[in-house]
Amino acid sequence: MDLTFFLFLSSGLFLGWSLGANDASNIFGTAVGTKMVKFRTATIISSLFIILGAVYAGSGASQTLGHLGSINTLPGAFMAALAAAITIFWMVELSMPISTSQAIVGAIIGWNLFSSKPTDITILSQIVGTWIFCPILSGIIAVFIYWSIKSIIRKSHLHLIRQDCYTRIGLIIAGAFGAYALGANNIANVMGVFVEANPLKEIHFGSFFYLNSTQVLFFIGGVAISIGVGTYSKKVMDTIGNGIMKMSPLMAWVVVVSQSIVLFLFASQGLQHFLLSHDLPALPLVPVSSSQAVIGAVMGIGIAKGGHDLNWGLIAKIAIGWITTPIIAALICYVSLFFLQNVFGQVVYI
Amino acid sequence: MFHLNISIFSKTKSLENKIDLFHDKLLDAAMSFKKAVKVFLNEGRSDDYRKISKQIKQIEHDADNLRRDIENKLYSQNLIPDLRADVLQLVENLDRVINKFDEVAYMFFIEQPEIPQEYHNRINELCDQVAECAENMAKASRAFFRDLSSVRDYSQKVYFIEHETDLSSGNLRKSIFESDIPLANKMQLSSFINQIADIADIAEDFIDELLIFTIKRDI
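Residues numbered from 1 in each chain as written. Chains lettered and ligands numbered in written order. Predicted model: local features only at pLDDT ≥ 70, side-chain atom pairs only at ≥ 80, totals over all residues.

*Asks:* Looking at this model, I keep getting lost on the overall build of chain B. Mind explaining?
*Replies:* In terms of helices and strands, chain B carries six helices and zero strands. Judged by the C-alpha coordinates and their principal axes, chain B covers about 75 × 35 × 20 Å. A burial count over chain B gives 39% of its 219 residues as buried. (Helix = DSSP H or I, 4+ residues; strand = E, 2+ residues; numbered from the N terminus. Buried ≥ 20, exposed ≤ 12 C-beta atoms within 10 Å, placed from the backbone.)

*Asks:* How should I be thinking about the overall build of chain A in this particular structure?
*Replies:* Check the secondary structure of chain A and you find twelve helices and two strands. Ordered by position in the sequence, the α and β elements of chain A form the string α-α-α-α-α-α-α-β-β-α-α-α-α-α. In terms of overall dimensions, chain A is globule-like: its C-alpha atoms have a radius of gyration of 20 Å, near the 20 Å expected for 350 residues. Projected onto its principal axes, the C-alpha positions of chain A cover 70 × 50 × 45 Å. Put simply, chain A has 350 residues, and 55% of those count as buried. Contacts in chain A between residues at least 24 apart in sequence constitute 86% of all its contacts with a sequence separation of at least 6. (Rg over C-alpha atoms; globule rule 2.2 N^0.38 Å. Contact = placed C-beta atoms within 7 Å.)

*Asks:* Can you help me understand the packing of helix 1 (residues 3-33) of chain A against helix 2 (residues 39-57) of chain A in this one?
*Replies:* Packed helices, taken two at a time, are described by their axes: the angle between them and the distance between them. All names here are of chain A. Taken N-terminus to C-terminus, the directions of helix 1 and helix 2 make an angle of 155°; their axes are 10 Å apart at the nearest point. Put simply, helix 1 runs roughly antiparallel to helix 2. Crossing handedness for the pair helix 1 and helix 2: right-handed. Contacts between helix 1 and helix 2 involve Ala24, Ile27, Phe28, Ala31 and Val32 from the first element and Phe39, Ala42 and Ser46 from the second. Residue classes in the contact of helix 1 with helix 2 are distributed as seven nonpolar, one polar and no charged. (Axes fitted to C-alpha atoms, helices over the stretch in contact; angles between N-to-C directions. Parallel < 35°, antiparallel > 145°, perpendicular 65-115°, else oblique. Left-handed = near helix turned anticlockwise from the far one by under 90°. Nonpolar A, V, L, I, M, F, W, Y, C, P; charged D, E, K, R; others polar.)

*Asks:* Sorry if this is basic, but what is going on with the interface of chain A and chain B here?
*Replies:* Contacts between the two partners involve 18 residues from chain A and, on the opposite side, 15 residues from chain B. Those elements that provide at least two residues to the side of chain A that touches chain B are helix 6 (121-156), helix 7 (160-191) and helix 9 (249-265) of chain A. Broken down by element, the side of chain A that touches chain B gets its largest block of residues, five residues, from helix 7 of chain A. Of the residues in the side of chain A that touches chain B, the class split is nine nonpolar, four polar and five charged.

*Asks:* Explanation requested: helix 12 (residues 312-342) of chain A in the structure shown.
*Replies:* Helical geometry: 3.6 residues make up each α-helical turn, so side chains three or four residues apart lie on a common side. All names here are of chain A. Relative to the 45 Å expected for 31 residues at 1.5 Å per residue, helix 12 spans 44 Å between its end C-alpha atoms, a close match to the ideal helical length. Remark: the principal bend of helix 12, roughly 35°, maps to Gly321. Within helix 12, the full set of buried residues consists of Ile318, Gly321, Thr325, Pro326, Ile328, Ala329, Ala330, Ile332, Cys333, Ser336, Leu337 and Leu340. (Expected span 1.5 Å × (residues − 1). Bend = angle between axes of the 7 residues up to and from the residue.)

*Asks:* Would you mind showing me how to read the packing of helix 9 of chain A against helix 11 (residues 290-305) of chain A here?
*Replies:* Residues and elements named next belong to chain A. Where helix 9 contacts helix 11, the axes come no closer than 9 Å and their chain directions differ by 130°. The angle between helix 9 and helix 11 places the two elements in the oblique class. As helix 9 runs across helix 11, the sense of the crossing is right-handed. Residues Met251, Val254, Val255, Ser258, Gln259, Val262 and Leu263 of helix 9 touch helix 11, and the partners they reach there are Ser290, Ala293, Val294, Ala297, Val298 and Ile301.

*Asks:* Explain the environment of A:Arg40 here, please?
*Replies:* Secondary-structure assignment places A:Arg40 in helix 2. Overall, A:Arg40 belongs to the exposed group, with 11 C-beta atoms counted inside 10 Å.

*Asks:* I keep staring at helix 5 (residues 100-114) of chain A and nothing clicks. Help me out?
*Replies:* Residues and elements named next belong to chain A. Over its 15 residues, helix 5 runs 21 Å from end to end, which matches the ideal 21 Å to within 8%, given 1.5 Å per residue. Burial runs high along helix 5: 14 of the 15 residues are buried. With its phi angle positive at about 55°, Ser116 sits one or two positions after the end of helix 5.

*Asks:* Whenever I open this one, the nonpolar core confuses me. Can you help?
*Replies:* Note on soluble globular proteins: their nonpolar side chains tend to be buried together. Of all hydrophobic cores here, the largest spans 114 residues; its most connected members are A:Ala80, A:Ala84, A:Ala107 and A:Ile108. Among residues more than four places away in sequence, those in contact with A:Ala84 are A:Leu15, A:Thr100, A:Ala103, A:Ile104, A:Ala107 and A:Ala329. With 64 residues, the next largest nonpolar core counts B:Ala29, B:Phe33, B:Ile193 and B:Ile207 among its residues. (Core = buried A, V, L, I, M, F, W, Y, C linked by C-beta atoms within 7 Å.)

*Asks:* So what exactly am I meant to see when it comes to the environment of B:Met107 here?
*Replies:* Residue and element names in this part refer to chain B. On the secondary structure map, Met107 appears in helix 3 (residues 84-111). When the C-alpha atoms of Met107 and Gln195 are compared, they prove to be 9.5 Å apart, with 88 residues separating the residues in sequence. Each residue touching Met107, except ones within four places of it in the same chain, is listed here: Phe192 and Gln195.

*Asks:* Would you mind showing me how to read unusual backbone geometry here?
*Replies:* The phi torsion at A:Ser116 lies on the positive side, around 55°, for a residue other than glycine. One non-glycine residue, B:Gln112, lies in positive phi territory at about 40°. Looking at the secondary structure, you find B:Gln112 in the loop between helix 3 and helix 4 (120-146).

*Asks:* How should I be thinking about the confidence of the model for chain B in this particular structure?
*Replies:* When pLDDT drops low, the exact placement of atoms in the prediction is not to be read closely. On average, residues of chain B score 92 in pLDDT, and 96% of them are at 70 or above. Confidence metrics for the complex model read pTM 0.84 and ipTM 0.84. (pLDDT = per-residue confidence, 0-100.)

*Asks:* Would you mind showing me how to read the environment of A:Cys165 here?
*Replies:* Looking at where A:Cys165 falls in the secondary structure, it is placed in helix 7. The exposure class assigned to A:Cys165 is buried, which follows from the 23 C-beta atoms found within 10 Å.

Here it is in structure tokens:
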């Protein structure tokens, strides 16, 4: 395999690493922060299920990004991923709720503009609509789960100690599902731009089990995300568990499940086929922000509990992010592509 | 994995039983105390009284062991991390009431106060009230672990009975000081009544805390 491929892939791998470092905390943050689940357990489970989700269910959301703009050279894909990574770094510095999805979509549009390829407005509006819908849906699901679980606990007269035991098991199962959904939904952000220019070959393990070239690419991306989880997420998890959003383990479970369901809904091809085959409205398969899904869920529960006002400042920050993140990423990508093409002499589009 | 789950559930079950048993000890202490005072008033420091007093001491000793065991298990198995401090405080305060029952029963044993017959019924009534207060406190605490919606009902009963106890003890002390018995006896009886009424006060403080913990525990 060509070494230059991995050189160009490095920006995507870096993006994957940062996604793992940040977003794994949305899944296991409170569980680890409150010491309900050990960090090692959380890392092993999330790494395994992120890779599984990425390899087996990652293609749906990735195809949608492909329809938005199919970056057809490796240097172009490299720069799109790098522009997204720089944007994320910048947004973190500005303390904005980060979304890898929004940065990568902006970078793809930047590439479209640079290569004078048309941007499919229908797909774009579908994607942007999903971003807005994602936290709202997450909030609605969280309210529903919150009310259900509250009623179950009231009626079941479960002992506090037993409830703690079930919550612990629930957090691990929800974490595994969340990691699977995160891998399935967000691998498109990390590796989506490399799909068109992917030179990897399919791999056969015996006669029954094989990974096609995209799945091999997603596997590499999944490993990068897992390394991010293993190497850097502990700090973020401790912050989430003890600082910014202090939640009880049971609340954390509600938030993780709601967030995971939303990510899964926007990633599952199987569910989409099922809904369409039964003449039901299906959700588009779009990479969404797990952080914003979490914020949506927390706010949903806040409203359901009553007495909590909506945090309009945070909502404004998210809304500003929907606009500014893609624009900044598009600009960075456009300018960088110009340098990559004219200074470094790379072919950034065909 | 299956073995692991069985082990987790059996550990959980064992701790649940210990917490239940700890509450039983409080109920036992309350009932034994009521009985002990009745026996003391009728027979003084008789063999029967010694027996009941020993029983209370044993209940207090068992409760101490259970408390240590519960605290140890909560920490060593890293259970209920978000509510552990609250539960530890509750257990400590329940233990304080058991200790108080033992302390007062032992005071009767050591000091052997001379209590005029005319006050016997009212002292019995006061002891019934504090025992009922402690019983409802135990029920409220049990409900905190299993059935949050009942915590308020039992708490309300504790508040009501504590108020009744205040009135009873106040009236009793007033009539003691208005009587003709020597001042030393008056002082001693007053101190006993204060000690008995203190049990209801501790129960009231416990309920104040329990209601706050209940809000925290409600998801």
